[in-house]
Amino acid sequence: MERAELNIDFSNVTVSEDDLFKYQGALKEAQDFLSKSKEGTGWVRLPFEYDRSELKRIESTAARIQEQCQAFVVIGIGGSYLGARAAIEMLGPLQQDLPEIYFAGINISGSYHAELIDRIKDKDICICVISKSGNTTEPAIAFSLFKELLFKKYGKEASERIYVITDKNKGILRDETDNEGYVNFVIPDDIGGRYSVLTPVGLLPMAVAGIDIESVLDGALEEANLLDRSEKYAAIRNELFNRGKLIEIFEYYEPRLHYFAEWLKQLFGESEGKEGKGIFPAALEFSTDLHSMGQYLQQGNQIFFETILNVEEAKQDLTVPQSAGNFLAGKSMNQINKAAVEGVIEAHKGARIPMIKIDIPVLNAYNFGRLVYFFEKACALSGCLMGVNPFDQPGVESYKSEMRKALE
Ligand code: PA5
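Residues numbered from 1 in each chain as written. Predicted model: local features only at pLDDT ≥ 70, side-chain atom pairs only at ≥ 80, totals over all residues. Heavy atoms only, no water.

Brief notes about the sheet that holds strand E1 (residues 7–12)
Spatially, five strands are ordered E1-E10-E9-E7-E8 in an open sheet, and the strand pairing comes out mixed. The strands lining the two open edges of the sheet, one partner per strand, are E1 and strand E8 (280–285). In this sheet, neighbouring strand axes are inclined to one another by 20 degrees on average, regardless of whether the strands run parallel or antiparallel. In terms of strand pairing, strand E7 (residues 247–252) meets strand E9 (residues 304–313) through six bridges, oriented parallel. Bridging across to E9, Ile247 finds its partner in Phe304. Packing of helix H14 (residues 333–350) onto the sheet brings it into contact with E1, E9 and strand E10 (355–362), and relative to E9 it is tilted by some 155 degrees. Contacts from helix H15 (residues 365–386) reach E1, E7, E9 and E10, with the element oriented near 155 degrees to E10. (Pairing = 2+ DSSP bridges. Helix = DSSP H or I, 4+ residues; strand = E, 2+ residues; numbered from the N terminus. Axes fitted to C-alpha atoms, helices over the stretch in contact; angles between N-to-C directions. Contact = heavy atoms within 4.5 Å.)

Concerning the pairing of strand E3 (residues 100–104)
Consecutive residues of a regular strand have side chains that alternate between opposite faces of the sheet. Of all five residues that make up E3, four are buried, and the element is covered over most of its length. Examined bridge by bridge, strand E2 (residues 71–75) and E3 share five bridges and lie parallel to one another. In the sheet register, Val74 faces E3, and the bridge partner there is Phe103. The parallel pair E2 and E3 is bridged by helix H5 (residues 82–91), and the resulting crossover is right-handed. (Buried < 20%, exposed > 50% of the residue type's maximum accessible area, 1.4 Å probe, protein only. Right-handed = clockwise from strand over helix to strand, strands pointing away.)

Observations regarding the domain arrangement of the protein
When its domains are assigned, the protein resolves into domain 1 (7–36 + 218–386) and domain 2 (42–211). Across the contact, 29 residues belong to domain 1 and 25 residues belong to domain 2. Between domain 1 and domain 2, roughly 2400 Å² of surface is buried when both sides are summed, and carbon and sulfur atoms account for 67% of that area. Counting across the interface, domain 1 meets domain 2 through one salt bridge. Here Glu270 ties to Arg194 by a salt bridge, and the two come within 3.4 Å at their closest N and O atoms. (Domains from an automatic or database assignment. Buried area = accessible area lost by both parts, 1.4 Å probe. Salt bridge = Lys/Arg side-chain N within 4 Å of Asp/Glu carboxyl O.)

Remarks on the pattern of salt bridges
A full pass over the atoms with the stated rule returns 28 salt bridges. Here Arg85 ties to Glu89 by a salt bridge, and the two come within 3.1 Å at their closest N and O atoms. Of this pair, Arg85 and Glu89 both sit in helix H5, four residues apart, roughly one helical turn. On the basis of relative accessibility, which here comes to 14%, the residue Arg85 falls in the buried class. Residue Glu223 pairs with Arg229 through a salt bridge whose shortest N-O separation is 3.0 Å.

Quick notes on the site of the ligand
Near the ligand, the surroundings consist of 14 residues, among which Ser80, Ser131, Ser133, Thr136 and Gln266 are the closest. Between the ligand and Gly79, the relevant distance is 3.0 Å, taken from an oxygen atom to a main-chain nitrogen or oxygen of the residue. The contact in question runs from an oxygen atom of the ligand to an N or O atom on the side chain of Ser131, over 2.6 Å. In isolation the ligand has 380 Å² of accessible area, and contact with the protein removes 91% of it. Here the ligand occupies the largest pocket. Its residues placed into classes, the shell around the ligand shows one nonpolar, nine polar and four charged. (Near = heavy atom within 4 Å. Polar contact = N/O pair within 3.5 Å; in protein donor to acceptor, adjacent residues only side chain to side chain. Areas by Shrake-Rupley, 256 points an atom, 1.4 Å probe, with all protein chains shown as cover. 1 Å grid on protein atoms, 1.4 Å probe; cavity = no way out; pocket = protein on both sides within 12 Å on 5 of 7 lines; lining within 4 Å. Sits in = over half its atoms within 2 Å of the grid points. Nonpolar A, V, L, I, M, F, W, Y, C, P; charged D, E, K, R; others polar.)

Quick notes on the packing of helix H2 (residues 24–36) against H15
Following both chains from N to C, one finds H2 and H15 inclined at 120 degrees, their axes separated by 9 Å at the closest point. As far as their axial angle goes, H15 and H2 are oblique. Viewed along their axes, H2 and H15 form a crossing whose handedness is right-handed. Contacts between H2 and H15 involve Ala26, Leu27, Ala30, Gln31, Phe33 and Leu34 from the first element and Lys377, Ala380, Leu381, Cys384 and Leu385 from the second. A per-class count over the contact of H2 with H15 returns nine nonpolar, one polar and one charged. (Parallel < 35°, antiparallel > 145°, perpendicular 65-115°, else oblique. Left-handed = near helix turned anticlockwise from the far one by under 90°.)

Considering the environment of Ser60
Within the fold, Ser60 resides in helix H4 (residues 52–68). Since its relative accessible area comes to 45%, Ser60 is described here as partly exposed. For the pair Ser60 and Ala207, spaced 147 residues apart in sequence, the C-alpha to C-alpha distance is 9.2 Å. A distance of 3.2 Å separates a polar side-chain atom of Ser60 from the backbone oxygen of Arg57.

Thoughts on the layout of surface pockets
Considering only enclosed or pocket space, the largest pocket measures out at about 780 Å³ in volume. In this structure, the largest pocket is lined by 31 residues; those nearest its centre are Gly79, Glu270, Gln393, Val396 and Lys400. Here the lining of the largest pocket gets six residues from one element, more than from any other, and that element is helix H16 (residues 394–407). The residue makeup of the lining of the largest pocket, split by class, is eight nonpolar, 14 polar and nine charged. (Points joined across faces, edges and corners; volume = space filled by probe spheres on them.)

And the structure:
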């Protein structure tokens, strides 16, 4: 089947090919680093090497979870959470009869978790705890809460409703998993949290939500076979940063992209924000935020550039009734949304704001895979061009250890 292309439009970035020439040497070095280094780069090769038998095991485990429960609670935070949520909010629910999916361990709010337990306690429940280290505070608390709930509800059989995704050998979650015999999947050693969407971390929750995970991987593979565009995006980001554009705003007009933008914030923030460097990633939802932040964008301090996530064919549409009056009556809402995209681009061109536009033909599993791989590669290359290690997160580790000390 012919697929519409995911297109990246660099025509409004205010950066010329000549301006980018100086990044060629560093880009070549960055590409070599991604292809040769073993540290944190497992995701680069993943779409080429994915173990098909594992994929089948993820699919059959998802089918078992769909049979077992009405409420599926995914427990994890940061890189062990945002990718799955981004996919599920972007694409789901795909069928009526699938379990409802809830997220826990994403904060330390007693109210959030009490309300969640209250909402689902009378349903059939399965949980999936995802943690590479196995000892992150938020998921550890949520795991204990939901385990207690399951054991009260199902007695010894509760363990058959507990699924774990963690490190192969290390951590207390691994020890407990082996002792209790929970069904489990491994997070590869050479893939860090924010780059783990295409491992069981993202794929198992997606499959439970009915998302075609083989299509996600096909999309990633297609993107991985393309040269140039993530390189170009990485070089443009660095050029803009060097010109004082310190903030990248991811803008979207479909609310289903909210958590994808959250994932992007984590990916870029955690990969680049170190050694006093890094572009600050922000996100705005349009047209909502045009009525608030739109003013700042048009006339405020021009320390930012924009990356527009433009969905070309929305999932559903409505025709505006006659009572809406002259300009609006009879038009489709999507048509009006497109006019907003065009209007904002024209207005921002007038303000000389650099803009990159990513045209997503339609929100589906395949394009989700493409977008994930495109941004992961662009982010890693961009971090290398900036001279930072895009795969560590010493700042996040210090928060974790300081909080542990404070608790002790
Ligand atoms: O990307 C990262 O490394 C972090 O966001 C981690 O994923 C997050 O802190 C959760 O860590 P863990 O999977 O060890 O529980």
